[in-house]
Amino acid sequence: MEEVYNFNAGPAVLPKAVMLKAQEEFVNYHGIGYGIMEESHRNANFEEVINSCEANIRKLMGISDDYEVLFLQGGGSTQFAMVPMNLLIPGKKVGYCDTGEWSHKAMKEAKILGGDVELVYDGSACKYTAIGDASAWKINPDYAYVYMCCNNTIYGTEYQNYPQTGDVPLVADMSSDMMSRPVDVSKFGIIFAGAQKNIGPAGVTLVIIRKDLASRCPANIPTMFRYSTHIDKKSLFNTPPTFGIYMMRLVTDWLIGLGGIPAIQKLNEEKAAKLYAAIDGSNGFFRGTTAVADRSKMNVCFRIGEGDDALEKKFVAEAKAAGMVGVKGHRAVGGLRASISTQCRWQALKG
Ligand SMILES: *Cc1c(COP(=O)(O)O)cnc(C)c1O
């Protein structure tokens, strides 16, 4: 099979240089005679990997010592539960934005855990085709925390601004736009992301947490679900996803080599602009499905006409024949979607 252009949302394309480097080191890592996947997580070889990965992430995102960088498991979906487990405060409400499927799943877990959820944005009326301006949200200063999903992978919307939450910790699901653009980490209480959309393979979840928030956790939360457990043991309380962390280290090395997050942001903006221009310039043949101001630079969602299922099916088949895979929309919304995540090979869209 020839190499194809991969538009899957996640797991998604990784930089080719990273894939080749992993291949080169796969069976004999740095001459030790076996692979890093086969190394003990307590050994100095792996310690170097996890420490360098953390140092890379701190450098790329400008993360201060007030924050911990954790490598956990269970995906973004486990964070939907860990956040309320650790941050709910009895008698206080929490604010969530409703921007579609991923917010619904997060709110569901908060409610299971007794959270009194109030909406700071409700996108249900417009069927999540718009998400509004987060900087205009009214934040009750008595909330235990405010929760947002920054990029809505399924609907193709992405916040261009973040809310001002004052002393209320802001929790952000950045699963599908992590490290795609500069972010002022000091404005957030927790940032989390399953790696597989933008920064590595499935199996490792990156969590950036302001240290003081870990002490909120009530006594009846099990050990593995407490952020403090993983902070105290530097993500080595139990066996971490070692190969995923190794891959994330390679991806972050690659990002630094490229010029860091401002450099990848520039590429992301260029490739998204090119794709949206093609959709908008098609005289209505293709139609973007979201409000123009809220368009995602990671997941470009579109339809043929008003949603011509037969033609869209044909489009998916012809795209595949032309060497472009993964352009079918998410099953929850249908239509078409090109995910052009951070690591998508830019050359693929340049032509
Ligand atoms: C994919 C995704 C998730 C779920 O991640 P898992 O790692 O599969 O649990 C959560 N939030 C967003 C925005 C996503 O795109």
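Details of the structure are given in the entry above.
Nothing here was measured: the structure is a model prediction, and the numbers come from that model.

**Q** Sorry if this is basic, but what is going on with the packing of helix α6 (residues 242-258) against helix α7 (residues 261-280) here?
**A** Each packed pair of helices is defined by two parameters, the angle between the axes and the distance between the axes. Packing of α6 against α7 brings their axes to within 7 Å, and their N-to-C directions diverge by 85°. Put simply, α6 runs roughly perpendicular to α7. Only A263, I264 and L267 of α7 make contact with α6, whose side of the interface consists of W254, L255 and L258. Looking at the contact of α6 with α7 residue by residue, the classes come out as six nonpolar, no polar and no charged.

**Q** I'm lost on the sheet that holds strand β14 (residues 336-339) in this one. Help?
**A** Pairing between sheet strands relies on hydrogen bonds along the backbone, with the strands arranged either parallel or antiparallel. As summarised here, the arrangement of the three strands in space is β11-β12-β14, forming an open sheet in which the pairing is antiparallel. Two strands in the sheet have a free side with no partner beyond their single neighbour: β11 (286-288) and β14. Each strand of the sheet is rotated relative to its neighbour by a mean of 35°, with strand direction disregarded. Taken together, the three bridges between β11 and strand β12 (residues 299-304) define a ladder with antiparallel strand orientation. What sits directly across from F286, in β12, is I304. Relative to the sheet, α7 contacts β11, β12 and β14, its axis offset from that of β12 by approximately 15°. In the packing of helix α8 (residues 309-321) onto the sheet, contacts are made with β11, β12 and β14, and the angle to β12 comes to roughly 130°.

**Q** Got a minute to help me understand a nonpolar patch on the surface in this structure?
**A** Taken together, the side chains of F26, V27 and M37 define a hydrophobic patch exposed on the protein surface, amounting to about 310 Å² of accessible area. Within the element layout of this structure, V27 appears in the loop between α1 (16-25) and α2 (44-61).

**Q** How do you make sense of the environment of T129 when you look at a structure like this?
**A** With respect to the helices and strands, T129 occurs in the loop between β4 (116-122) and β5 (146-149). What makes T129 partly exposed here is its relative accessible area of 31%. Taking C-alpha positions, T129 is 6.8 Å from Y155, a pair spaced 26 residues apart along the chain. For T129, the contacting residues outside a window of four places in its chain are T157, T289, T290 and A291. Within polar-contact distance, the side chain of T129 engages the backbone oxygen of C126 at 2.8 Å.

**Q** Would you explain the layout of surface pockets in this entry?
**A** To find leftover empty space, one rolls a probe the size of a water molecule over the atoms. Space inside the second largest pocket adds up to approximately 220 Å³. The wall of the second largest pocket is formed by 17 residues, among which T129, Y155, T289, V333 and G334 lie closest to the centre. Elements that contribute at least two residues to the lining of the second largest pocket include exactly β12 and β14. Broken down by element, the residue count for the lining of the second largest pocket peaks at three residues, all from β12. When the residues that make up the lining of the second largest pocket are grouped by side-chain class, the tally is seven nonpolar, seven polar and three charged.

**Q** It is not clear to me how the pattern of salt bridges should be interpreted in this structure. Could you clarify?
**A** Once their charged atoms are close, side chains differing in charge can pair, the charge on each being opposite to the other. Counted by the stated rule, this structure contains 18 salt bridges. D212 is paired through a salt bridge with R210; the nearest N and O atoms lie 2.7 Å apart. With a shortest N-O distance of 3.8 Å, K314 and E318 are connected by a salt bridge. Residue K314 and its partner E318 are both found in helix α8; the two are separated by four residues, about one turn of the helix. A cluster of three or more residues bridged by salt bridges with shared partners is formed by E48, R249 and D253.

**Q** Before we go on, may I ask you to explain the site of the ligand in this structure?
**A** Lining the immediate environment of the ligand, one finds 13 residues, of which S77, T153, D173, Q196 and K197 sit closest. Note that an oxygen atom of the ligand is positioned 2.4 Å from one of the side-chain N or O atoms of T153. With four residues, the single largest contributor to the shell around the ligand is helix α3 (residues 75-87). Its residues assigned to classes, the shell around the ligand shows three nonpolar, eight polar and two charged.

**Q** Where do I start with the side chain of T99 in this structure?
**A** Summarising the element assignment, T99 is placed in the loop between β3 (93-98) and α4 (101-112). Of note is the side chain of T99, whose polar atom sits 2.7 Å from the side chain of N152. Residue contacts for T99: discarding those within four places in its chain leaves Y121, Y128, I131, C149, N152, Y155 and Y159.

**Q** Got a minute to help me understand the pairing of β3 in this structure?
**A** Both faces of the sheet carry side chains from a regular strand, because those side chains alternate between them. Within β3, five of the six residues are buried, leaving the element largely enclosed by the surrounding structure. Sheet analysis places β3 next to β4, joined by six bridges and oriented parallel. Considered in β4, the bridge of G95 is made with E118. For β3 and β5, the ladder comprises two bridges, and the chain directions are parallel. Looking across to β5, one finds that Y96 is bridged to Y147.

**Q** Honestly, the sheet that holds strand β10 (residues 205-210) in this entry has me stumped. Any pointers?
**A** Pairing in this open sheet of seven strands is mixed, and the strands run β2-β10-β9-β8-β5-β3-β4 from one edge to the other. Each having just a single partner strand, β2 (67-72) and β4 make up the two edges of the open sheet. Neighbour to neighbour, the strand axes of the sheet diverge by 20° on average, direction disregarded. Looking at chain direction, strand β8 (residues 170-173) and strand β9 (residues 190-194) are connected through three bridges and run parallel. Note that in β9 the partner of D173 across the bridge is F192. Lying on the sheet, α4 is in contact with β3, β4, β5 and β8; it crosses β3 at an angle near 160°.

What counts and what doesn't
Residues numbered from 1 in each chain as written. Predicted model: local features only at pLDDT ≥ 70, side-chain atom pairs only at ≥ 80, totals over all residues. Heavy atoms only, no water. Axes fitted to C-alpha atoms, helices over the stretch in contact; angles between N-to-C directions. Helix = DSSP H or I, 4+ residues; strand = E, 2+ residues; numbered from the N terminus. Parallel < 35°, antiparallel > 145°, perpendicular 65-115°, else oblique. Contact = heavy atoms within 4.5 Å. Nonpolar A, V, L, I, M, F, W, Y, C, P; charged D, E, K, R; others polar. Pairing = 2+ DSSP bridges. Patch = residues over 30% accessible without salt bridge, like charges linked within 9 Å, V, L, I, M, F, W, Y side chains within 5 Å. Areas by Shrake-Rupley, 256 points an atom, 1.4 Å probe, with all protein chains shown as cover. Salt bridge = Lys/Arg side-chain N within 4 Å of Asp/Glu carboxyl O. Buried < 20%, exposed > 50% of the residue type's maximum accessible area, 1.4 Å probe, protein only. Polar contact = N/O pair within 3.5 Å; in protein donor to acceptor, adjacent residues only side chain to side chain. 1 Å grid on protein atoms, 1.4 Å probe; cavity = no way out; pocket = protein on both sides within 12 Å on 5 of 7 lines; lining within 4 Å. Points joined across faces, edges and corners; volume = space filled by probe spheres on them. Near = heavy atom within 4 Å.

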